[in-house]
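Each chain, letter by letter, is given below.
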Amino acid sequence: MKNRILITGALGQLGKFFVESLISQDNYVLATDIKENKILNCDYELFDIMDLDRGDYLINKYNINQVYNFAAILSAKGEQNPLLTWEINNVGFTNIAKLCLKNNIKKIFWPSSIAVFGRNSNLKLVKNDEPMLPETIYGVSKLACEKAMYYFNSKNLLDIRSIRFPGIVSNSKPGGGTTDYIVEMLFRAKSNENYSCFLKSDTYLPMMHINDAIDASIKLMNADIMDLNLDYPYNISSFETSPSEWIEIIQSIGFNLNVEYKVDFRQGIADSWPKKIDDSVLRSDIKWLPKFNAIDTAKNIIESIQL
Ligand code: SER
């Protein structure tokens, strides 16, 4: 057994895939979230990351030595309740840091997001160290935690590793994000239902297959610290697409999808996010390349969706 890993927010879009992958690589996984578990096939406990005592109890009961901290409120949902989002995302991050410091756990994986960028970043091709003025509370909270991460890492208090995820394409539905259409369209195409798209047809955003996201994250977690040039999150990139291009891809692999456009406030968020990402630092530090392009991603995920 390699590591004994606690995952928070394990019932979210990413959890199930990280659980499966980490277990298949000979790790012990304790999955946690705030709802009853009906999908994960591993040890599971209820855990609200606001509850420090519960976290301390679970870490000791299960002898945890690594944490994957996924609990967060995403970009679109966050705008409905900015203060709650700030609290869950930032206090949650701080609580995991506190628990790890108290229990001598050094290594944490914590996803940041393309939401940390803003219109003052060079959105056509965003480098790792652009100026950043995020416009959502989600992006603001992620950026604040990026700075805290840098502090803890550079003082050698913790070893937090992080990637700025784009829209992730998986066969589990995301919730409350600005990139959610990418998955929602696949579900609608598979069930032969119409889709109402909340972004304009020509809105390009960076996306990636869940397996590529997992592969890069676990590689980063296993990398020798001497090979890592950054004490703060890495950009990651796979492909970029827009709603109209994604519809064409879905049709090209044999599915029918009728889409009407009902653009809402999420358009403003998408307009403040990168169109293309430069992830050359990550690729060189962990020797990683994505395996799925847009067409492979659509095909592989739509085939795996079970209605
Ligand atoms: N997928 C996320 C969102 O749309 C971005 O990190 O909020």
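This text gives an overview of the structure that appears in the document. (Residues numbered from 1 in each chain as written. Predicted model: local features only at pLDDT ≥ 70, side-chain atom pairs only at ≥ 80, totals over all residues. Heavy atoms only, no water.)

What about the site of the ligand?
Okay, so step 1: Near the ligand the following residues occur: L74, S75, S113, Y138, F165, G177, T178, T179 and W273.
Okay, so step 2: Residue Y138 places a side-chain N or O atom 3.2 Å away from an oxygen atom belonging to the ligand.
Okay, so step 3: Between T179 and the ligand, the recorded distance is 2.9 Å, taken from a side-chain N or O atom to a nitrogen atom.
Okay, so step 4: In the complex, the protein chains occlude 93% of the 240 Å² of accessible area that the ligand would expose alone.
Okay, so step 5: Among the residues making up the shell around the ligand, the classes are represented as 4 nonpolar, 5 polar and no charged. (Near = heavy atom within 4 Å. Polar contact = N/O pair within 3.5 Å; in protein donor to acceptor, adjacent residues only side chain to side chain. Areas by Shrake-Rupley, 256 points an atom, 1.4 Å probe, with all protein chains shown as cover. Nonpolar A, V, L, I, M, F, W, Y, C, P; charged D, E, K, R; others polar.)

Re the side chain of N3
Okay, so step 1: Assignment of secondary structure puts N3 in the segment before strand 1 (4-8).
Okay, so step 2: Ignoring anything within four residues of it in the chain, the contact list for N3 reads N27, Y28, N65 and Q66. (Helix = DSSP H or I, 4+ residues; strand = E, 2+ residues; numbered from the N terminus. Contact = heavy atoms within 4.5 Å.)

Focus: helix 11 (residues 294-304)
Okay, so step 1: Looking at helix 11, one finds that the buried residues are A294, T297, A298, I301 and I302. Projected onto a plane normal to the axis of helix 11, the buried residues spread over an arc of 110° and lie on a single side. (Buried < 20%, exposed > 50% of the residue type's maximum accessible area, 1.4 Å probe, protein only. Arc of directions from axis to C-beta.)

Comments concerning the nonpolar core
Okay, so step 1: I7, Y68, Y181 and W246 are the most contacted members of the largest nonpolar core, which has 68 residues in total.
Okay, so step 2: Not counting residues within four places of it along the chain, the set of residues in contact with Y68 comprises I5, L6, I7, T8, F18, L22, F109, I218 and M221.
Okay, so step 3: Membership of the second largest hydrophobic core comes to 23 residues, among which are L30, F47, M149 and I160. (Core = buried A, V, L, I, M, F, W, Y, C linked by side-chain atoms within 4.5 Å.)

Brief notes about the pairing of strand 4 (residues 66-69)
Okay, so step 1: Neither face of strand 4 is exposed, since Q66 and Y68 on one face and V67 and N69 on the opposite face are all buried.
Okay, so step 2: Here strand 1 pairs with strand 4 via 4 bridges, running parallel. Across the sheet, I7 pairs through a bridge with Y68, a residue of strand 4.
Okay, so step 3: With 3 bridges joining them, strand 4 and strand 5 (residues 107-109) adopt parallel strand pairing. Residue pairing for strand 5: V67 is matched across the bridge by I108. (Pairing = 2+ DSSP bridges.)

With respect to the pattern of salt bridges
Okay, so step 1: This structure, assessed with the given rule, holds 13 salt bridges.
Okay, so step 2: A network of salt bridges, in which partner residues are shared, links E45, R54 and K61. (Salt bridge = Lys/Arg side-chain N within 4 Å of Asp/Glu carboxyl O.)

Considerations on the sheet that holds strand 5
Okay, so step 1: With parallel pairing, the 6 strands of this open sheet are ordered in space as 3-2-1-4-5-7. The open sheet terminates on both sides in strands that have one partner only, identified here as strand 3 (43-46) and strand 7 (159-161). Each strand of the sheet is rotated relative to its neighbour by a mean of 20°, with strand direction disregarded.
Okay, so step 2: On top of the sheet, helix 2 (residues 52-61) reaches strand 1, strand 2 (28-33) and strand 3; it is set at about 160° to strand 3, its chief contact. (Axes fitted to C-alpha atoms, helices over the stretch in contact; angles between N-to-C directions.)

Details of the packing of aromatic side chains
Okay, so step 1: Per the counting criterion, the structure on display carries 12 aromatic pairs.
Okay, so step 2: Aromatic side chains Y151 and F152 sit 5.9 Å apart centroid to centroid with 75° between the ring planes, which places their arrangement in the edge-to-face category.
Okay, so step 3: When the centroid spacing of 6.2 Å and the interplanar angle of 15° are considered together, the rings of F239 and W246 count as stacked. There is no split in this pair, since F239 and W246 are both buried.
Okay, so step 4: Grouped by ring-pair contacts, the aromatic residues F18, Y68, F70, F109 and F165 constitute a single cluster.
Okay, so step 5: Between K173 and the ring centre of F187, over which it is positioned, the NZ or CZ distance is 4.7 Å.
Okay, so step 6: Geometry around F198 places R266 over its ring, the cationic atom sitting 3.6 Å from the centre. (Phe/Tyr/Trp six-rings, centres within 6.5 Å; stacked < 30°, edge-to-face > 60°. Lys NZ or Arg CZ within 6 Å of the ring centre and 35° of its normal.)

Observations concerning the sheet that holds strand 11 (residues 205-209)
Neighbouring strands of a sheet are bound in pairs by backbone hydrogen bonds; such pairs are parallel or else antiparallel.
Okay, so step 1: A sheet is described by the order of its strands in space; here 3 strands give the open sequence 9-11-13, paired in mixed fashion. Edge strands, defined here as strands with exactly one partner in the open sheet, are strand 9 (167-169) and strand 13 (239-241). Looking at each pair of strands side by side, their axes are set apart by 45° on average, direction ignored.
Okay, so step 2: Two strands pair when backbone bridges link them, and strand 11 and strand 13 are joined in this way by 3 bridges, in the antiparallel orientation. Following the sheet pairing, P206 is matched in strand 13 by E240.
Okay, so step 3: Packed on one face of the sheet, helix 8 (residues 243-252) meets strand 9 and strand 13 and runs near 105° to strand 13.
Okay, so step 4: Set on the sheet, helix 11 makes contact with strand 9, strand 11 and strand 13; between it and strand 11 the angle comes to about 55°.

Coordinates in, geometry out; function isn't part of it.
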